[in-house]
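Given next are the chains, with one letter for each unit.
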Number of protein chains: 2
Amino acid sequence: MNHFDLSLYLVTDRSLALNRSLEYVVKEAAEGGVTMVQLREKDCSSKEFLNLAIQLKRCLKSFAIPLIINDRLDIALACDADGLHIGQNDIPYEIARRLLGKDKIIGLSVENVRDVIEANKLDVDYIGISPVFSTPTKTDTAEALGLDGVREITKLSEHPSVGIGGINLSNAHEVIAAGADGISVVSAIMSHPDPRLSALQLKNIVVKNKLK
Amino acid sequence: MNHFDLSLYLVTDRSLALNRSLEYVVKEAAEGGVTMVQLREKDCSSKEFLNLAIQLKRCLKSFAIPLIINDRLDIALACDADGLHIGQNDIPYEIARRLLGKDKIIGLSVENVRDVIEANKLDVDYIGISPVFSTPTKTDTAEALGLDGVREITKLSEHPSVGIGGINLSNAHEVIAAGADGISVVSAIMSHPDPRLSALQLKNIVVKNKLK
């Protein structure tokens, strides 16, 4: 398994990038201190998805930041990404692991306690607690788990975890205090006028609150 | 490479199945004489896509009819399909071949003469000439090639070919007469009240016109 650090995990969404290129925002975020990047693109052709993945992989290599592909195992294989993130409606974990091999990072979204109990039976590398707060950037998710949900799940989970959904500068510290190993953000970086500054500030919050 | 016969190639579209299950329509079509089936599903989760693929694979096995997956190389790998069909906006052929191996069928859509010249440089197993006639079932395709286009492309192509787009009982013979090795249909079978009868009739047209 690759080494990875869940502290500040950027999930992409080009539609929120304020007309800036994905590569620009990701590079700025990398310089600001993001520790992982997940390429999540729902409305593009496979060719375009792969081209974006190849572009980001090249960009992130110099920062030694892992590139994780959302859902599309074929894109992860095709660009030799560092890993794959799957949700409950994606290809089952066992098949993804068999096809990707043991050296790649595989993360799994959990939306409730039952998902966590199932995830505990698998050698996934991390879980994504989703959604922590309600969020407009993803419409197909379950009800918000809240900080109580994060506490319950992180206590129960045998895997490292990252919270996702509605996390920003004002609530990031609470997610870490509730037991998550990191925070995952979309709009807090993608839509920030200064993605580097936003990443820097978020990273500081995570680091400080992890030390507590 | 697997053995395959392009004569009558069914491409699925659940939204056109008149509320019948995909498995029902495909099984009827198989009994009527389709020689290949391509699972093409654009609006479903990866998990649902894979479940449909596994279902169809089981159904088609007893007929010895190859199951081809549209676009999604990961689904093809995950269900060990017989092959993959890619368009000009999908994962590039070379990557698909490397990941699928030499024993799987790979088909490539061509929309113009330039695409055919490129396809001639590749060891694709067949080309899909798309679209032959204008069709409401696929909205992202290029302008209709017409029968003149089919003649030009089949003369130029070094690979076997199947025509797709707007082909039905009334024009199928012309596509074969123009040089295609087979016809590919969606609604002519998916939306037919009797998919088995429709497949039988289309198959007869192809067989008769190939003998000419």
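See the structure above.
All values derive from a computational prediction rather than experimental measurement. (Residues numbered from 1 in each chain as written. Chains lettered and ligands numbered in written order. Predicted model: local features only at pLDDT ≥ 70, side-chain atom pairs only at ≥ 80, totals over all residues. Heavy atoms only, no water.)

## Notes on the sheet that holds strand E8 (residues 182-185) of chain A
Paired through backbone hydrogen bonds, the strands of a sheet run either parallel or antiparallel to each other. Residue and element names in this part refer to chain A. Spatially, 8 strands are ordered E1-E2-E3-E4-E5-E6-E7-E8 in a closed barrel, and the strand pairing comes out parallel. Strand-to-strand twist of the sheet, defined as the mean angle between neighbouring strand axes without regard to direction, takes the value 25°. Taken together, the 4 bridges between strand E5 (residues 105-110) and strand E6 (residues 126-129) define a ladder with parallel strand orientation. The partner of Gly 107 across the bridge, within E6, is Tyr 126. (Pairing = 2+ DSSP bridges. Helix = DSSP H or I, 4+ residues; strand = E, 2+ residues; numbered from the N terminus. Axes fitted to C-alpha atoms, helices over the stretch in contact; angles between N-to-C directions.)

## What about the interface of chain A and chain B?
If you look at the interface, chain A gives 19 residues, while chain B gives 19 residues. Of the roughly 1,500 Å² buried where chain A meets chain B, counting both sides, 64% is carbon and sulfur surface. Its largest share of buried area at the contact with chain B, chain A owes to A:Lys47, A:Asp74 and A:Ile91, together 29% of the area lost on that side. The interface formed by chain A and chain B contains 2 salt bridges. With a closest N to O distance of 4.0 Å, A:Asp74 and B:Arg72 form a salt bridge. (Contact = heavy atoms within 4.5 Å. Buried area = accessible area lost by both parts, 1.4 Å probe. Salt bridge = Lys/Arg side-chain N within 4 Å of Asp/Glu carboxyl O.)

## Focus: the packing of helix H1 (residues 22-32) of chain A against helix H2 (residues 46-61) of chain A
Residue and element names in this part refer to chain A. Two elements in contact, H1 and H2, have axes whose closest approach is 10 Å; the angle formed by their N-to-C orientations is 25°. Taken as axis vectors, H1 and H2 run roughly parallel relative to one another. Relative to H2, H1 is oriented so that their crossing is right-handed. In this structure, H1 uses Leu 22, Glu 23, Val 26, Lys 27 and Ala 30 to contact H2, whose residues at the interface are Leu 52, Gln 55, Leu 56, Cys 59 and Leu 60. (Parallel < 35°, antiparallel > 145°, perpendicular 65-115°, else oblique. Left-handed = near helix turned anticlockwise from the far one by under 90°.)

## Examining the pattern of salt bridges
Taken as a whole and judged by the stated rule, the model has 29 salt bridges over all chains. The residue B:Glu48 makes a salt bridge to B:Arg14 at a minimum N-O spacing of 3.0 Å. With B:Glu48 in helix H2 (residues 46-61) and B:Arg14 in the loop between strand E1 (8-11) and helix H1 (22-32), this pair connects stretches of sequence that are 34 residues apart. For the salt bridge of B:Arg196 with B:Glu28, the shortest nitrogen-to-oxygen distance reads 3.2 Å. In this pair, B:Arg196 sits in helix H9 (residues 195-211) while B:Glu28 sits in helix H1, placing the two residues 168 residues apart along the sequence. Note on B:Glu28: relative accessible area 14%, which makes it buried. What you see here is one network of salt bridges that share partners, running through A:Lys27, A:Glu28, A:Glu31 and A:Arg196. (Buried < 20%, exposed > 50% of the residue type's maximum accessible area, 1.4 Å probe, protein only.)

## Here's the deal with the side chain of A:His159
All names here are of chain A. Within the fold, His 159 resides in the loop between helix H6 (146-156) and strand E7 (161-164). One polar contact links the side chain of His 159 to the main-chain carbonyl oxygen of Leu 122, over a distance of 2.8 Å. Ignoring sequence-local partners within four residues, the contact set of His 159 consists of Ala 119, Asn 120, Leu 122, Asp 123, Val 124, Tyr 126 and Ile 127. (Polar contact = N/O pair within 3.5 Å; in protein donor to acceptor, adjacent residues only side chain to side chain.)

## Here's the deal with the nonpolar core
Of all hydrophobic cores here, the largest spans 144 residues; its most connected members are A:Ile69, A:Ile183, A:Ile189, B:Ile69, B:Ile183 and B:Ile189. Excluding its chain neighbours within four sequence positions, the residues that come into contact with B:Ile69 are B:Leu39, B:Phe49, B:Ala53, B:Ile75, B:Ala76, B:Cys79, B:Ala81, B:Gly83, B:Leu84 and B:His85. Ranked by size, the runner-up nonpolar core spans 8 residues in total, among them B:Phe4, B:Leu6, B:Ile68 and B:Val162. (Core = buried A, V, L, I, M, F, W, Y, C linked by side-chain atoms within 4.5 Å.)

## Quick notes on the pairing of strand E1 (residues 8-11) of chain A
Residues and elements named next belong to chain A. Judged by which residues are buried, E1 turns out to be covered on both faces: Leu 8 and Leu 10 on one side and Tyr 9 and Val 11 on the other are all buried. Relative to E8, E1 runs parallel, the two being bridged by 3 bridges. Each bridged residue has a counterpart across the sheet, and for Tyr 9 the counterpart in E8 is Ser 184. Both E1 and strand E2 (residues 36-39) contribute to a ladder of 3 bridges, which runs parallel. Residue pairing in the sheet places Val 11 in a bridge with Gln 38 of E2. Note that the unit made of E1, H1 and E2 has a crossover that is right-handed. (Right-handed = clockwise from strand over helix to strand, strands pointing away.)

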